[in-house]
Structures are given as C-alpha cells and as structure tokens.
Amino acid sequence: MVTDSPAREVLENGLVVVASRRPDAPLVATTLLYRVGSLHETAGKTGLAHLMEHMMFRGTSSHPQGEIDAATGRLGGINNALTTTDYTAFYFVLPAEHWRVPLEIEADRMEHCTIEPDSFATEKRVALEERKMFDDEPETKLEEAIDELALTVHPDRYPVVGRREDLARLTLADLRAFYSDHYGPDNAILVVAGDIDQDRVLAEAGRLFGGLAPASPPQARTTVEPPQTSPRHVTVRNGSGTPQSVLAYRIPSATHRDSATLEVLASILAAGRGSRLYRRFVDGERTANEISATHMLQCEPGLFYLSATLHPGTDPGSFDAAVLEILRDLASASMPEAELERAKNQIRIDWALGRETCLGLAGALAFWETLGCWELEEAHDRSVLETTGEDLATVVGRYFDPEKRSSAWLVS
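Structure report, in brief.

Cut-offs and rules
- Residues numbered from 1 in each chain as written.
- Predicted model: local features only at pLDDT ≥ 70, side-chain atom pairs only at ≥ 80, totals over all residues.
- Heavy atoms only, no water.
- Pairing = 2+ DSSP bridges.
- Helix = DSSP H or I, 4+ residues; strand = E, 2+ residues; numbered from the N terminus.
- Axes fitted to C-alpha atoms, helices over the stretch in contact; angles between N-to-C directions.
- Expected span 1.5 Å × (residues − 1).
- Buried < 20%, exposed > 50% of the residue type's maximum accessible area, 1.4 Å probe, protein only.
- Contact = heavy atoms within 4.5 Å.
- Polar contact = N/O pair within 3.5 Å; in protein donor to acceptor, adjacent residues only side chain to side chain.
- Salt bridge = Lys/Arg side-chain N within 4 Å of Asp/Glu carboxyl O.

**Some thoughts on the sheet that holds strand β10 (residues 302-310)**
Read from one edge of the open sheet, 5 strands run β7-β11-β8-β10-β9, paired in mixed fashion. Edge positions in the open sheet fall to β7 (232-237) and β9 (288-295), since each of these has one partner strand only. Ignoring strand direction, the axes of neighbouring strands in this sheet form an average angle of 15 degrees. Here 6 bridges tie β7 to strand β11 (residues 406-411), and the two strands are oriented parallel to one another.

Structure (structure tokens):
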C-alpha cells in the first residue's frame, strides 16, 4: 500500500478534516465519525445513539429517504454506518472521481436530518425489533450480562442498541435534543482516503462544512467505577446445550502507557493456533472449539475479555480455573522470545489487513483522531513492537488480579 502522509486541518467551527492520498487504488473512502455513542447516553435513555444512526438514513429535504442509497448505487459504490460505545461512523466507498458526493451528503444531513413523527415511530419500531432479536441470542445475553456485572456505574455497561424499556420510552423530543447536542462539526471527524488530491479535499470540506454552526455538545461526564474488591459471577441459562464462559478484567484507556502491552497479551493468549488458550483448550484438552482474548481500545477505561465456546458437557468453571493458572504463569515465568515474536507478527498481520483497503485506512485514521490525533497510532504501534516479556509480566500482575475478575457462564 502506497500512501502519502495524511494532511490534517481543523475548521473554525471545530470539524477535524483528514485527507490521505493512496494513489495505488482508483477508489475513495469517506468516513464521517461523530464522537457520540452509548458512552454519552444517560440512565433511562439508552439506545439514542444507535437510533440516531438509523434516522440519519432518513435523509433531508435535499436527499429524501432512499436517495442516499440510490445515488450511491448509481455510482457503483457502497455506504453504511455503525455505532459503538465511543462513536457513530458513517462511511462511503466510491470510484475516486466521485469523491465530492459523500461530502455533499454528509454536510447536508449534519444540519438538516429529517426527524419527523412518522419516521421516528418507524425507526423506533425497527430498533425495538432489533432489541428483540438480540434478546433471543444467547451470546448477546452473555455479553450484556458480563458488562453489567463488571461495570456498576459506567455507561459502558449499557448495550449499544439500548435497553428495551428505555427504547419504549424514548420520545421525538429526546431524539431531536440528542441530534442537536451531538451532531455538529465540533463533535465530528471527516476522513477522506484514496486516489485524491489532498489540498482539493481540504478546500472542498471547508466550503461545504465551514459554514455549519457548532453543536456544543454537553461537557463529558467523568464516571469512575468504584474499586472491585472480590470476584463477581453470573450464570445465564439458554437451554442450547453449548456452554460458554467469559472472564472480564478492568483495563485502562487506549492512550494509557499499558495499552500496547495489553494488545500483545491478547495476541499471546488467543491469536492463532500457537496461542496459549488455543493450545490448551482446543488442541490439548479438546474442551473448546472457539477461544478469544479481546483488548478493547476505547476512549475511557474498559474491559479485557477472555472467552471460550465449550463442548457440550464441559464445566465452564474448568475454563475459568485454567485461565487463572495461565495468567499466574504469565505473571511469574519468563516469556520465551519466540512466543513473543510470534504474537507481534500476528499483530503486524492484523495491522496490514486492517489498512489494506481505503476504507480500513480511513477508519483507522478517524478512530485515532477520536483519541487525540492520528499520529498516536504510530506511537502505539512502536510501543507494541518494543514490548518485552518483563512488560507483559508487570501488566498481568497489575490488572489481572483473580480477586478482581468478573465471570459469566452460559449454560443449558
């Protein structure tokens, strides 16, 4: 992949614009990311960010419902969106000559999104149906159970799609206020990546977005989880006969100095057939068919997950006990250099695959801008490659105290 160094500009109204030239692909990917997700919701009003994602596709008077998708299709492109705990992102991929089209659409719906009673009622029903679908998925029940168990006050305990009772109570006024508060240029990051002229992109972004008024989002809350002093556990029953287990430990935010080491730890534990969990549970004991270790890069302190889908009849408690043993070994024994290098190579592969496309590049730049600036990724990557066995032992000892774990089991 050949890319030029990204060009970055902040408009007077606060919009961050990043343009990255990749001349080897005749495409352009545009990502408009709003710094608003379930993290920014309040108790009793969960699901607003996800519902607002739906509403943005209702369009505007200039781009009425269906026209955004139709225009994208006529040009041979794709578009979609996603909502997370930290942000909501809207993206397009088009032939490079049509790079202006997404900018025009996004500038329009940043200020003129149609939020009317009929469309609100329809999208609310869709969100409730989605909530019902998740309620019927055992894996989702387990994921939501562990978040609510491990976090007692922090908004990350809320499901991104929202709680059913909250969705049912949301009003048109709630959604309009949420849009007004959060969907403005001062709360957004625009990234355009592909076969582009960076100066022309910056100039056009200034022309289209520069006149939009800031949203002035509410000041971010500082919610600190009280210390966890003992293990927590919950059992979820589903009747499927396929047991699962997930362990969660609290970890710091993505910009913390230990974040890179935690990424290496996740690779040591569960990346590929050579990882410790795979060798123990899939190839060795043959008690699991899927394992994972997930280090979430987030704006605020979050959770590190260790999970397994077990063979029928396997006691989830045996997985938990074995994981504690593996973590104790990592905290006390020296790390073989070959194992450490394998883990770093797995991460290098993930980096390359994640940025193989213009869309992956745009998404990565936008994500790191939410944390401060895209250059932070370079510092993070260097720290990953400089991680030592001693660093890993220190971090395991610091965050993976068995007395501070939360566990959830899915049983029949």
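**Looking at helix α11 (residues 316-332)**
When the terminal C-alpha atoms of α11 are compared, their 25 Å separation across 17 residues agrees well with the 24 Å that a helix rising 1.5 Å per residue should span. Among the residues making up α11, those that are buried are Pro-316, Gly-317, Phe-319, Asp-320, Ala-322, Val-323, Leu-324, Ile-326, Leu-327 and Leu-330. Those residues of α11 that are buried are in contact with β8 (244-251), α9 (259-270), α10 (276-284), β10, α15 (389-399) and β11. Near the N-terminus of α11, the side chain that reaches the backbone nitrogen of Gly-317, with its oxygen 2.9 Å away, is that of Asp-315.

**Focus: the sheet that holds strand β1 (residues 7-10)**
With mixed pairing, the 6 strands of this open sheet are ordered in space as β1-β2-β6-β3-β5-β4. Each end of this open sheet is capped by a strand with a single partner; those strands are β1 and β4 (78-83). Across the sheet, the mean angle separating the axes of adjacent strands is 10 degrees when strand polarity is ignored. Relative to strand β2 (residues 16-21), helix α8 (residues 198-209) is tilted by about 155 degrees, and along the sheet it contacts β1, β2 and β6 (188-194). Packed on one face of the sheet, helix α13 (residues 358-370) meets β1, β2, β3 (27-34), β5 (88-95) and β6 and runs near 25 degrees to β3.

**Observations regarding the pattern of salt bridges**
Throughout the structure, instances matching the rule amount to 25 salt bridges. For the salt bridge of Arg-169 with Asp-166, the shortest nitrogen-to-oxygen distance reads 2.8 Å. Of the two residues, Arg-169 and Asp-166 are both situated in helix α6 (residues 164-169); the distance of 3 residues between them amounts to about one turn of the helix. When the shortest N-O distance is used, the salt bridge between Glu-377 and Arg-355 registers 1.9 Å. One end of the pair, Glu-377, is in helix α14 (residues 375-386); the other, Arg-355, is in the loop between α12 (337-354) and α13, with 22 residues separating them in the sequence. Where salt bridges share partners, they join Arg-131, Asp-135, Glu-144 and Arg-164 into one cluster.

Spatial relationships are all this shows, so hold off on functional conclusions.
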